[in-house]
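Each chain, letter by letter, is given below.
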Amino acid sequence: MTNNLTGEVHRPGRIEVVCGSMFSGKTEELIRRMRRAQFAKQRVEIFKPAIDVRYSEEDVVSHDQKHIQSTPIDSSASILLLANDIDVVGIDEAQFFDMGLVDVCNELAYRGVRVIIAGLDMDFKGVPFGPMPALCAIADDVTKVHAICVRCGALAYVSHRKVDNDRRVLLGETQEYEPLCRDCYQKALKNTEAPEAAL
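Structure report, in brief.

Thresholds applied
- Residues numbered from 1 in each chain as written.
- Predicted model: local features only at pLDDT ≥ 70, side-chain atom pairs only at ≥ 80, totals over all residues.
- Heavy atoms only, no water.
- Pairing = 2+ DSSP bridges.
- Helix = DSSP H or I, 4+ residues; strand = E, 2+ residues; numbered from the N terminus.
- Axes fitted to C-alpha atoms, helices over the stretch in contact; angles between N-to-C directions.
- Contact = heavy atoms within 4.5 Å.
- Buried < 20%, exposed > 50% of the residue type's maximum accessible area, 1.4 Å probe, protein only.
- Arc of directions from axis to C-beta.
- Phe/Tyr/Trp six-rings, centres within 6.5 Å; stacked < 30°, edge-to-face > 60°.
- Lys NZ or Arg CZ within 6 Å of the ring centre and 35° of its normal.

Thoughts on the sheet that holds strand β10 (residues 141-145)
What the 6 strands build is an open sheet, ordered β7-β4-β8-β9-β3-β10; its pairing is parallel. Strands at the two margins of the open sheet, each flanked by one partner only, are β7 (71-73) and β10. With strand direction ignored, the average angle separating the axes of adjacent strands in the sheet is 20 degrees. Pairing geometry for strand β4 (residues 44-49) and strand β8 (residues 88-91), over 4 bridges, is parallel. When the bridges of β8 are listed, valine 44 appears paired with valine 88. In the packing of helix α1 (residues 26-39) onto the sheet, contacts are made with β3 (14-20), β4, β8, β9 (114-120) and β10, and the angle to β9 comes to roughly 165 degrees.

Next up, the structure:
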């Protein structure tokens, strides 16, 4: 909050997006920013998709087991209902939410709320994922974080799916996904297609 020239209190709303592949530290960065807001005695609320129960049904948990209390929800519209009198709203795994999330985040920012969003920018096929491209477009600040390619050590580009399942939404961890750079991802795709071509 800041005081303007007339002495009125003004809350500068903003939208911050943290995006990247799996294992890049998106959730860890979301938790870090939310904890700093808590230390500053700001009123915070964190939301996550109810379908994400990999580590916890209620907490937001990073791959390195950092965690923070959250509210699981099924629809982005619930955020507006539950975020009254909140200074900072955190949203994890934003790619799993409906497109209404874009309007919700804009509405919150116009109300003076700081909105911090973490999510995958692309799915396992390298296609922009859910509302994330639109959220990046309207954000005041976008931070792209990178995992390390497990095959060559370069910066990862995409979350490569290692299991034979073509569903777009498939919750998983290191057994199902691996971060790959663009070059190793192309090689992995060719290796996957090669046995089919031989038939």
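Focus on helix α3 (residues 100-110)
Residues Leu101, Val102, Val104, Cys105, Leu108 and Ala109 constitute the buried set of α3. Projected down its long axis, α3 carries its buried residues within an arc of 165 degrees, all on one side. Set apart from the buried face of α3 by more than 90 degrees, the exposed residues are Asp103 and Tyr110. Buried residues in α3 make contact with β3, α2 (77-82), β8, β9 and α4 (132-138). Directly after α3, the chain includes glycine 112, whose backbone phi takes a positive value near 100 degrees.

With respect to the packing of aromatic side chains
Counted by the stated rule, this structure contains 2 aromatic pairs. For the pair phenylalanine 96 and phenylalanine 129, a centre-to-centre distance of 6.0 Å together with 90 degrees between the ring planes defines the contact as edge-to-face. In this pair, phenylalanine 96 sits in the loop between β8 and α3 while phenylalanine 129 sits in the loop between β9 and α4, placing the two residues 33 residues apart along the sequence. Judged by centre distance (6.4 Å) and plane angle (55 degrees), the rings of tyrosine 157 and tyrosine 185 are tilted. Placement of the pair is tyrosine 157 in the loop between β10 and β11 (158-161) and tyrosine 185 in helix α5 (residues 182-198), with a sequence separation of 28 residues. Positioned above the aromatic ring of phenylalanine 124, the side-chain terminus of arginine 161 is 3.7 Å from the ring centre. The cationic tip of arginine 182 hangs over the ring face of tyrosine 157; the distance from NZ or CZ to the ring centre is 4.0 Å.

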